[in-house]
Amino acid sequence: MTKGNPGNRFSTEIRARAVRMVLENEADYKSRSQAVASIAEKFGCSSATLRDWVNRQAVEDGDRDGLTQSEREELKALQRENRELMSYARFWVTRPDQAARFSVSCSATPS
């Protein structure tokens, strides 16, 4: 049983199974909302939680707009790197003796 985040109550396999059940049995219900509510009850999670899982899977499959898991991870890494670089930049700019050297090295960096 694979767990993503240790704080999650449901394993990755359980989530995938619940989403698959919604998608496969949706035609048996009047609406997707009814399918989600019925299946969520069987898995012991809220309808909103299961709906979020279904929507997230639709993004992963390309059926819905949004960032995929890998894109979210890449964005998070880039934001962290940007924060670190900005921290270094603030450090060097606050040192008058190094400010000129920093601006020269930044302008020489290809974009």
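Conventions we followed
- Residues numbered from 1 in each chain as written.
- Predicted model: local features only at pLDDT ≥ 70, side-chain atom pairs only at ≥ 80, totals over all residues.
- Heavy atoms only, no water.
- Helix = DSSP H or I, 4+ residues; strand = E, 2+ residues; numbered from the N terminus.
- Contact = heavy atoms within 4.5 Å.
- Areas by Shrake-Rupley, 256 points an atom, 1.4 Å probe, with all protein chains shown as cover.
- Axes fitted to C-alpha atoms, helices over the stretch in contact; angles between N-to-C directions.
- Left-handed = near helix turned anticlockwise from the far one by under 90°.
- Nonpolar A, V, L, I, M, F, W, Y, C, P; charged D, E, K, R; others polar.
- Core = buried A, V, L, I, M, F, W, Y, C linked by side-chain atoms within 4.5 Å.
- Buried < 20%, exposed > 50% of the residue type's maximum accessible area, 1.4 Å probe, protein only.
- Polar contact = N/O pair within 3.5 Å; in protein donor to acceptor, adjacent residues only side chain to side chain.
- Expected span 1.5 Å × (residues − 1).
- Arc of directions from axis to C-beta.
- Parallel < 35°, antiparallel > 145°, perpendicular 65-115°, else oblique.

Enquirer: Just to check I follow, could you spell out the overall build of the protein chain for this structure?
Expert: Scanning the protein chain from terminus to terminus reveals 5 helices and 0 strands. For the protein chain, the N- to C-terminal ordering of α and β elements is α-α-α-α-α. Partitioning the contacts of the protein chain with sequence separation of at least 6, the portion at a separation of at least 24 is 29%. Of the roughly 8,400 Å² of accessible surface on the protein chain, a fraction of 51% belongs to carbon and sulfur atoms.

Enquirer: I keep staring at the packing of helix H2 (residues 32-43) against helix H3 (residues 47-61) and nothing clicks. Help me out?
Expert: How two helices sit against one another is set out by the angle between their axes and by the gap between those axes. Across the interface, H2 lies against H3 with an axial gap of 8 Å and an inter-helix angle of 115°. Between H2 and H3 lies a crossing of right-handed hand. Facing Arg32, Val36, Ala37, Ile39 and Ala40 of H2, the residues of H3 in contact are Ser47, Leu50, Arg51 and Val54. When its residues are assigned to classes, the contact of H2 with H3 shows 6 nonpolar, 1 polar and 2 charged.

Enquirer: Would you mind going over the nonpolar core with me for this structure?
Expert: Soluble globular proteins: nonpolar side chains tend toward being buried together. Counting 12 residues, the largest nonpolar core is built from Phe10, Ala18, Val19, Val22, Val36, Ile39, Ala40, Phe43, Cys45, Leu50, Trp53 and Val54. Looking at this core, the elements that each hand over two or more residues are helix H1 (12-25), H2 and H3. The biggest single contributor to this core is H2, with 4 residues. If near-sequence neighbours (up to four positions away) are discounted, valine 36 is found in contact with Val22, Ser47, Leu50 and Arg51.

Enquirer: What's the story with the side chain of serine 11 in this structure? I'm lost.
Expert: Tracing the sequence through the fold places serine 11 in the segment before H1. A residue is classified by how much of its surface remains accessible, and serine 11, at 2% relative accessible area, is buried. Polar side-chain contacts of serine 11 include one of 3.2 Å to the backbone nitrogen of isoleucine 14.

Enquirer: Help me understand H2, please; the structure alone is not making it clear to me.
Expert: The α-helix winds at 3.6 residues per turn, so residues separated by three or four positions along the chain end up facing the same way. Spanning 12 residues, H2 covers 16 Å between terminal C-alpha atoms, matching the ideal 16 Å at 1.5 Å per step. Burial in H2 covers these residues: Ala35, Val36, Ile39, Ala40 and Phe43. Along the long axis of H2, the arc covered by the buried residues comes to 125°, so they all point the same way. Of the exposed residues in H2, the ones pointing more than 90 degrees away from its buried face are Ser33, Glu41 and Lys42. Of the surrounding secondary structure, the elements contacted by the buried residues of H2 are H1 and H3. One or two steps after H2, the chain reaches glycine 44, where phi turns positive at roughly 80°.

Enquirer: What should I look at first to understand the packing of H1 against H3 in this one?
Expert: It is at 9 Å that the axes of H1 and H3 come closest, and there the two elements cross at 85°. Considering their axes alone, H1 and H3 lie roughly perpendicular with respect to each other. Touching Arg15, Ala18, Val19, Val22 and Leu23 of H1 are Leu50, Trp53, Val54, Arg56 and Gln57, all from H3. The class makeup of the residues in the contact of H1 with H3 is 7 nonpolar, 1 polar and 2 charged.

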